[in-house]
Amino acid sequence: MARFIARPGSSVFIQYTAAGRRAILRAMPDTTSPVLPDAAPPVLPDAAPPVLPDAAPPVLPEATSSTRPSRRAATLAGVAAIGLWGSFTLLATSVSRLPPLQVLASTFAIAALLGAARLARRGRGGLGALRQPLGGWLVGVGGLFGYHALYFYALTAAPPVQVSVISYLWPLLIVLLSAALPGGRLRFRHVAGALLGLAGVWTVLAAGGAVRPSAAHAPGYLAALGCALIWSTYSVLQRRFADVPADALAGPCAATAVLGLAGHLALERTVAPTAGQALGLLALGLGPVGVAFFAWDHATKHGDVPQLGVLSYGAPVLSTLLLCLAGHAEASPQLLAACALVTAGGLVATARSTASAA
């Protein structure tokens, strides 16, 4: 199997035969690694999530003075609206010779254009502001059209001072109607305020001179009272649509203008306005009928509503004073007493709510 071979000048080595080599290989242990089946990974139990203590609610910082200007600015917007409404009667006297529905259509068309300009500033998303519930459209158009149609008619059927004081009972009526809503209560101060307001109305109607009551003016008195009822109802029902943005008023303003135009064409004869009347229409459309409504909508949604309610009773006082300054009424003691009674009625009706809000 093996033999020794020696050559001159070389080392001795072993030469194996083929049979010897096979015998040696059989005698050697197998050193190759065995093939084991794949071991399945160990199955570990699901780890339970760690139990964390309940997180305490975050402590928010109290409102600082930096967060208050927006509310004050909204309240000031309501004050501006009240001031514009105080000038409504005086401006309306400049167009008293025009048909009422013609005045209504013209002024609300101007207000609708003002609202369209506001929507245009929003870009493509401006039209989305016009989307509101059907009830919002009905309340908006009914309140705007109904109130102003009766108001313009009342100015043609009764003296403007009487119309102003009677129609400006709406702040008192808002208090009474709001107390009747769910969660509200009709208290003695509400009744006392309403009685003071009625006393103010009686005083101005019973005053002598240029404001002497007359049976011929009864339709104007009733129309002015209807104004107060419609506007107070409209204002209370608007609480159900607080999420509707102020720019959405452009829609009801446009609808009111269309209704006014339809009524004018059907019932009245068109009268071409003079230059002074045209300026009066423009002033009404931009001010008391335009900016005032947008400002009031913003104020009632973001401002101090109790304070706005009290300040609203200053509108008839301002309206009467402007009429006196313009020579449309006499500043008689009875007239001033009537304004004082209406204002006192509003203060009494909202005294406690204003104190609590403060």
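Higher on the page you've got the structure.
> Pulling in residues and values, what's your account of helix α10 (residues 250–267)?
Over its 18 residues, α10 runs 26 Å from end to end, which matches the ideal 26 Å to within 8%, given 1.5 Å per residue. Taken together, the buried positions of α10 are occupied by A250, G251, P252, C253, T256, A257, G260, G263 and H264. Close packing links the buried residues of α10 with α4 (100–120), α5 (134–157) and α11 (275–302).

> Got a sec to walk through the pattern of salt bridges? Specific residues and values, please.
Note on pairing: side chains with opposite charge can pair once their charged atoms come close. Inspection of every chain in the model, using the stated rule, returns one salt bridge. When the shortest N-O distance is used, the salt bridge between D247 and R118 registers 2.7 Å. You can see D247 sitting in the loop between α9 (218–237) and α10 and its partner R118 sitting in helix α4, a full 129 residues away along the chain. Given the relative accessible area of 7%, D247 is considered buried. Looking at R118, the relative accessible area reads 34%, which means it is partly exposed.

> Hey, could you go over the side chain of S312 for me, with residue numbers and the actual values?
Inspection of the secondary structure puts S312 in the loop between α12 (305–311) and α13 (314–325). For S312, a relative accessible area of 3% gives the class buried. Setting aside chain neighbours within four positions, we find S312 in contact with I82, W170, P171 and W296.

> Tell me what's going on with the packing of aromatic side chains, and back it up with residues and numbers.
The full count for this structure, using the stated rule, is 11 aromatic pairs. Measuring from centroid to centroid gives 5.5 Å for W231 and F293, while their planes differ by 40°, and the two rings are tilted. With W231 in helix α9 and F293 in helix α11, the pair connects residues that are 62 residues apart, well separated along the chain. Taken as a pair, W231 and F293 share a single burial class, namely buried. Here the aromatic residues W85, F88, F108, Y147, Y151, W170, W231, Y234, F293 and W296 are joined through ring pairs into a cluster of three or more.

> Describe empty space enclosed by the protein, with residues and values.
Taken as a whole and judged by the stated rule, the model has two cavities of 30 Å³ or more. In this structure, the largest cavity encloses a volume near 100 Å³. Surrounding the largest cavity, W85, F88, Y147, H148, Y151, Y168, W170, W231, P288 and F293 form its lining. Of all the secondary structure elements, the ones that give two or more residues to the lining of the largest cavity are α5 and α11. With three residues, α5 is the largest single contributor of residues to the lining of the largest cavity. A per-class count over the lining of the largest cavity returns nine nonpolar, one polar and no charged. Size it by volume and the second largest cavity reaches roughly 40 Å³. A92, V95, S96, L98, P100, V103, F152, L155 and T156 are the residues that line the second largest cavity. For the lining of the second largest cavity, the secondary-structure elements that each account for two or more residues are α4 and α5. Counting residues per element, the lining of the second largest cavity draws most heavily on α5, which supplies three residues. Residue composition of the lining of the second largest cavity, grouped by class: seven nonpolar, two polar and no charged.

Each value, and the rule that gives it
- Note on numbering: residues in each chain are counted from 1, in written sequence order.
- Two thresholds apply to this predicted model, a pLDDT of at least 70 for residue-level local features and 80 or more for giving and counting side-chain atom pairs, whereas whole-chain, interface and lining totals are computed over all residues.
- Hydrogen atoms and water are omitted, and side-chain values are computed over all heavy atoms in the structure.
- The secondary structure listing takes helices from DSSP runs of H or I that are at least 4 residues long and strands from runs of E that are at least 2 residues long, numbered from the N terminus.
- Between the first and last residue of a helix there are one fewer steps than residues, each counted as 1.5 Å, and that sum is the expected span.
- When accessible area is computed with a 1.4 Å probe and restricted to protein chains, residues below 20% of their type maximum are described as buried, those above 50% as exposed, and intermediate ones as partly exposed.
- Contacts between residues were defined by any pair of non-hydrogen atoms, one from each residue, lying within 4.5 Å.
- The rule for a salt bridge is simple: a side-chain nitrogen of Lys or Arg has to be within 4 Å of a carboxyl oxygen of Asp or Glu.
- Two aromatic rings from Phe, Tyr or Trp, using only the six-membered ring of Trp, form a pair when their centres are within 6.5 Å; if the ring planes differ by under 30 degrees the pair is stacked, by over 60 it is edge-to-face, and anything between is tilted.
- The pocket and cavity definitions rest on a 1 Å grid over protein atoms only: a 1.4 Å probe that fits but cannot leave marks a cavity, an open set with protein on both sides within 12 Å along at least five of seven lines marks a pocket, and residues lining either have an atom within 4 Å of a point.
- Grid points are joined across faces, edges and corners, and a volume is the space filled by probe spheres set on the points.
- Only Asp, Glu, Lys and Arg are considered charged, only Ala, Val, Leu, Ile, Met, Phe, Trp, Tyr, Cys and Pro nonpolar, and every remaining residue, Gly among them, polar.

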